[in-house]
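Next come the chains, spelled out residue by residue.
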Amino acid sequence: MKRFNKFLALFLAVVMIVGLMPAISAAAADSDVALFESFEDWTDITAPHTVWKANGNPSVTVSDEKALDGSKSIKFSPPDQTQHHRAKLNYVVPAAVIDKMEDGAEYTFTAYYYSDGAQYKGNWEFKNVASGWASGDFALTDGQWTKLEHTFTLDKSALPNGRLTLVMGMAWNSAEKSVGDMYIDSVSLVKKYDYSSVLKELNAKDSIAMAGDVDGTGNDLVLKAGKTLDLAGCTLTVDSLSAMPGAKVIDSVGGGKIVVTNDNLTLQADNGMLPIKTNAGYVLSNVKLTNNELEDDGLDDIMVYETRPSLGAANNAAYLVDGAADNGLSIIIRLTWTNASNGTTTTMDVPCSEELIKDIYGGTGAFRLLVKGVDGVENLKVATVITSDAGVTCVSEALAYTAPAV
């Protein structure tokens, strides 16, 4: 074998490979649900809840005939078709629920209405302390559950007698007869998913999935050791985000983004998913690093390595066709070997230039590395590395060079 003197001679070239290389969107977080009422433990309508009626005497009862959640709901049933009946359930939110709700926070009041031949509209009323009584009528679709939503900002100081009442029932219209039955179920009060929701979940769980886009401008998020934050297709905006050892940021759904000020994103090298800088923020991508091989060219004292890493499930080259630097990325071919003379290990990173990256991903070729003097070293291995300016490093399996038989 020829002895290796001072260094390996390296040659990096573009080659067009033909036939050699393979062708290259939420439910609210539990902690934000202040109230969920499905009437499962109700047998009758009792205090503090009441029923209001006018223009006739429709029945309002707890029923097991229809239900969206569980087996019960509140049924509204006019006794005849000759009057313009009206009836409403006054649901009083328990004081313990109000005590736990965040004053000044934004909440959504939701209820579901089912029409069983109802020829009238649904009605709701709500004491929105910012603008007085809020109310409205809405059309029902026969044989289906219709979702009612009303968003409000809670002001506890303005609640009448400290009580919050949700009013749901039949709408009145002088031109409509009260025909058919209606059911109401799954009444909830849910705090708007926001930055405090993310922090609350991260404090309670090791792994969380975001339930919606969050604007945390003005905050610096530090992801503690062992925590996993899944964007789940959502956008997180913060001034900075940094991950402690063992913490990871992923995107199990795809399409999510991390928007930080001045690119202040610092993740651990072993994050797994690669942050890619775009004009809209950082996106997270899986990296495919299996498109690599050692070429058996029969050349004496020369190793030839070919590689074409790709991003995402669809082998997306769009982030690399105009180079890697604009997306905060770099592509490296890493060599390691043992020096025969003293047994020490050497690592050498060979960076791929921007022009070379553009040429490769503008076509169907691959990176090709030629290394001379390989017979003078031991345990020579080669791998492909992609790094992000956010600190993440993705490394392929290292391929071991074996000298051809003499």
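Parameters at a glance
Residues numbered from 1 in each chain as written. Predicted model: local features only at pLDDT ≥ 70, side-chain atom pairs only at ≥ 80, totals over all residues. Heavy atoms only, no water. Helix = DSSP H or I, 4+ residues; strand = E, 2+ residues; numbered from the N terminus. Buried < 20%, exposed > 50% of the residue type's maximum accessible area, 1.4 Å probe, protein only. Areas by Shrake-Rupley, 256 points an atom, 1.4 Å probe, with all protein chains shown as cover. Pairing = 2+ DSSP bridges. Axes fitted to C-alpha atoms, helices over the stretch in contact; angles between N-to-C directions. Arc of directions from axis to C-beta. Contact = heavy atoms within 4.5 Å. Core = buried A, V, L, I, M, F, W, Y, C linked by side-chain atoms within 4.5 Å. Salt bridge = Lys/Arg side-chain N within 4 Å of Asp/Glu carboxyl O. Phe/Tyr/Trp six-rings, centres within 6.5 Å; stacked < 30°, edge-to-face > 60°. pLDDT = per-residue confidence, 0-100. Polar contact = N/O pair within 3.5 Å; in protein donor to acceptor, adjacent residues only side chain to side chain.

The helix and strand tally for the chain stands at three helices and 31 strands. In the chain, buried positions account for 47% of the 406 residues. Of the accessible surface of the chain, which amounts to about 19200 Å², a share of 48% is contributed by carbon and sulfur atoms.

Moving on: the sheet that holds strand β13 (residues 207–209). Sheet architecture is open: three strands sit in the order β13-β15-β17, paired in parallel fashion. The open sheet has two free edges, formed respectively by β13 and β17 (248–250), since each of these has just one partner strand. Recorded for the sheet is a direction-independent mean angle of 15° between the axes of neighbouring strands.

Inspection of helix α3 (residues 354–361) places L356, I357, I360 and Y361 among the buried residues, and these make up the whole buried set. End-on view of α3: buried residues confined to an arc of 115°, all on one side of the axis.

Looking at where K227 falls in the secondary structure, it is placed in the loop between β14 (214–223) and β15 (228–230). Apart from residues lying up to four places away in sequence, K227 is in contact with L202, N203, K205, D206, G246, A247 and K248.

This next bit is on the nonpolar core. L229, L236, L241, I258, L335 and F367 are the most contacted members of the largest nonpolar core, which has 59 residues in total. Ignoring anything within four residues of it in the chain, the contact list for I258 reads L231, L236, L241, V249, L265, G281, Y282 and L284. Listed in part, the 39 residues of the second largest apolar core include A105, F138, L154 and L159.

Our focus in this paragraph is the pairing of strand β5 (residues 73–77). Burial analysis of β5 places five of its five residues in the buried class, which makes it a mostly covered element. Relative to β5, strand β4 (residues 59–63) runs antiparallel, the two sharing five bridges. Residue S59 lies in a different strand from β5, and its bridge partner there is S77. With three bridges connecting them, β5 and strand β12 (residues 181–191) associate as antiparallel partners. From the neighbouring strand, K75 faces β12, where its bridge partner is Y183.

Once that is clear, we can look at the pattern of salt bridges. Two side chains bearing opposite charge may form a pair once their charged atoms approach each other closely. As enumerated under the stated definition, the model contains 14 salt bridges in all. E65 is the partner of K75 in a salt bridge, and the nearest nitrogen-oxygen pair spans 3.1 Å. With a gap of ten residues between them, K75 in strand β5 and E65 in the loop between β4 and β5 connect regions that are remote in the sequence. With relative accessibility at 12%, the residue K75 sits in the buried group. One salt bridge in this structure joins K227 and D206, with 3.8 Å as the shortest N-O distance. Note that K227 is positioned in the loop between β14 and β15 and D206 in the loop between α2 (195–204) and β13, a separation of 21 residues in sequence. Several salt bridges converge on common partners, so that one network encompasses E65, K75 and D181.

Attention now goes to the packing of aromatic side chains. One pass over the full model with this rule turns up nine aromatic pairs. Relative to Y91, the ring of W42 lies with its centre 6.1 Å away and its plane at 5°, an arrangement referred to as stacked. On the criterion of sequence distance, the pair formed by W42 in the loop between β2 (33–37) and β3 (50–54) and Y91 in strand β6 (residues 86–92) is long-range, its members being 49 residues apart. Y91 shares its class with W42; the two are buried.

So, about the confidence of the model for the chain. Summary statistics for the chain give a mean pLDDT of 86 and a share of 87% for residues scoring 70 or more. Predicted confidence is poor over residues 1–27, with pLDDT under 50, and the contacts of this stretch with residues over four places away or in other chains come to 75 contacts.

Within the secondary structure layout, K147 lies in strand β10 (residues 145–153). By relative accessible area, K147 is classed as partly exposed at 45%. Here K147 is in contact with T110, A111 and Y112, once residues within four sequence places are set aside. Polar side-chain contacts of K147 include one of 3.1 Å to the side chain of E149.

Moving on, we come to the environment of K288. Looking at the element boundaries, K288 is found in strand β22 (residues 287–288). Along the chain, K288 and R308 lie 20 residues apart, while their C-alpha atoms are 8.9 Å from each other.

Here we come to α2. Residues Y195, S197, V198, E201 and L202 constitute the buried set of α2. Taken end-on, α2 shows its buried residues confined to a sector of 160°, consistent with a single buried face. Residues N203 and A204 are exposed on α2 and point more than 90 degrees away from its buried face. Summarising the contacts, the buried residues of α2 are in contact with β12, β13, β14, β15 and β16 (235–243).

Bringing unusual backbone geometry into the picture now. Along the chain, A47 connects to P48 via a cis peptide bond; the corresponding omega equals 10°. By secondary structure assignment, the location of P48 is in the loop between β2 and β3. In the Ramachandran plot, F39 falls in the positive-phi region, its phi being about 65° despite a non-glycine side chain. You can call F39 buried: its relative accessible area is 0%. Backbone geometry at N262 places phi at a positive 55°, although glycine is not the residue there. You can see N262 is positioned in the loop between β18 (257–259) and β19 (265–266).

Another point: the pairing of strand β21 (residues 281–285). Moving residue by residue along a regular strand, the side chains alternate between the two faces of the sheet. Of all five residues making up β21, five are buried, and the element is well covered by its neighbours. In sequence, strand β20 (residues 274–278) turns back onto β21 through a hairpin of two residues.

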